[in-house]
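As a plain string of letters, each chain reads:
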Amino acid sequence: MADRPLIGISTYLEPGVRWGVWELPAALLPAGYAGLVQRAGGLAAMLPPDEPDLAAATVARLDGLVVAGGPDVDPARYGAARDPRTGPPAHARDAWELALIDAALNARLPLLGVCRGMQLLNVALGGTLTQHIDGHAEAPGVFGTHRVKPVPDTLYAATVPEETDVPTHHHQAVDRLGNGLIPSAHAPDGTVEAVELPAPHWALGVQWHPEMGEDLRVMRALVTAGA
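Residues numbered from 1 in each chain as written. Predicted model: local features only at pLDDT ≥ 70, side-chain atom pairs only at ≥ 80, totals over all residues. Heavy atoms only, no water.

A. Here's a closer look at helix α6 (residues 217-226). Within α6, the full set of buried residues consists of V218, M219, A221, L222, V223 and G226. For α6, the elements touching its buried residues are β1 (6-10), α1 (31-39), β5 (64-67), β6 (111-114), α5 (155-159) and β13 (203-206). (Buried < 20%, exposed > 50% of the residue type's maximum accessible area, 1.4 Å probe, protein only. Helix = DSSP H or I, 4+ residues; strand = E, 2+ residues; numbered from the N terminus. Contact = heavy atoms within 4.5 Å.)

So, in structure tokens, the structure goes:
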């Protein structure tokens, strides 16, 4: 067990959450993330928002990093006016997770961005987002499914070579790719569903939610890279 890679996962920070007799501010994470890391052979550590200047010291203690899904990225982070359909900003998460991404890339730490995490990776590298698309989210709180097709000769295609059905829930997507990023999977409508940095980096973003499915390959690849 001591040899298992330590994988940090960023978390939500909510002003009021109820459990049992309590209603308190909470740093929280859907259990699927930790469960996926554990089933893929890693140790899971939650990383609630902290001071951005502590990101490098945090990353230095990890073998891999997952930037989790969550609220929309503040459009000010990529120089855009706010669309009325964009959700309220999560300033503490944006600042912390962007600092984590920067620190991970500088340290060449294996990095996986999930949904919002993929979008933040794109923004961190100077890219932009489309603030609303149709057809990639069911009703609020309900995950849908669609197919994704890997781009040949990419890290993602080496990990998952065939077309697959993935759990999905997002209404924003990559617009202009960030510096150095390449698309590595697409939805049937052409939406970029995965992005990555070429080697020697191990940096992959997926627009879907692997923690809501049974396919361990993407997370296992991160854990293996962290080992």
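B. Local environment of the sheet that holds strand β11 (residues 182-186). Strand order in this open sheet of nine strands is β4-β1-β5-β6-β13-β12-β11-β8-β9, and the pairing throughout is mixed. Lying at the two open borders of the sheet, with one neighbouring strand each, are β4 (43-47) and β9 (164-168). The average angle at which neighbouring strand axes cross in this sheet is 25°, direction not considered. Sheet strands in contact with helix α3 (residues 91-107) are β1, β4, β5, β6, β12 (192-197) and β13, and its direction is about 150° off that of β5. (Pairing = 2+ DSSP bridges. Axes fitted to C-alpha atoms, helices over the stretch in contact; angles between N-to-C directions.)

C. Just the pairing of strand β8 (residues 144-150), in detail. Burial along β8 is one-sided: the residues G144, H146, V148 and P150 are buried and none of T145, R147 and K149 is. Summarising the sheet, β8 and β11 pair through two bridges and their orientation is antiparallel. Of the residues in β11, the one forming a bridge with P150 is A185.

D. Representation of the pattern of salt bridges in the model. This model, assessed by the stated rule, comprises ten salt bridges. E97 serves as the salt-bridge partner of R116, at 2.9 Å between the closest nitrogen and oxygen. Placement of R116 in helix α4 (residues 116-124) and of E97 in helix α3 is noted, with a sequence separation of 19 residues between them. In this structure R116 comes out as buried when scored by relative accessible area, which is 1%. One salt-bridge network, held together by shared partners, links R93, D94, E97 and R116. (Salt bridge = Lys/Arg side-chain N within 4 Å of Asp/Glu carboxyl O.)

E. Spatial organisation of α3. With 17 residues, α3 should reach 24 Å at 1.5 Å per residue; the first-to-last C-alpha distance of 24 Å fits that figure. Inspection of α3 places R93, D94, W96, E97, L98, A99, L100, I101, A103, A104 and L105 among the buried residues, and these make up the whole buried set. Positive backbone phi, approximately 55°, marks R108, located one or two places after α3. (Expected span 1.5 Å × (residues − 1).)

F. Summary view of the packing of aromatic side chains. A full pass over the atoms with the stated rule returns one aromatic pair. Pairing Y156 with W208 gives two aromatic rings, centres 5.5 Å apart and planes at 70°, and the pair type is edge-to-face. Of this pair, Y156 sits in helix α5 while W208 is found in the loop between β13 and α6, placing the two residues 52 residues apart along the sequence. The residues Y156 and W208 share a single accessibility class, namely buried. R93 extends its terminal NZ or CZ atom over the ring of Y12, reaching a point 4.7 Å from the ring centre. (Phe/Tyr/Trp six-rings, centres within 6.5 Å; stacked < 30°, edge-to-face > 60°. Lys NZ or Arg CZ within 6 Å of the ring centre and 35° of its normal.)

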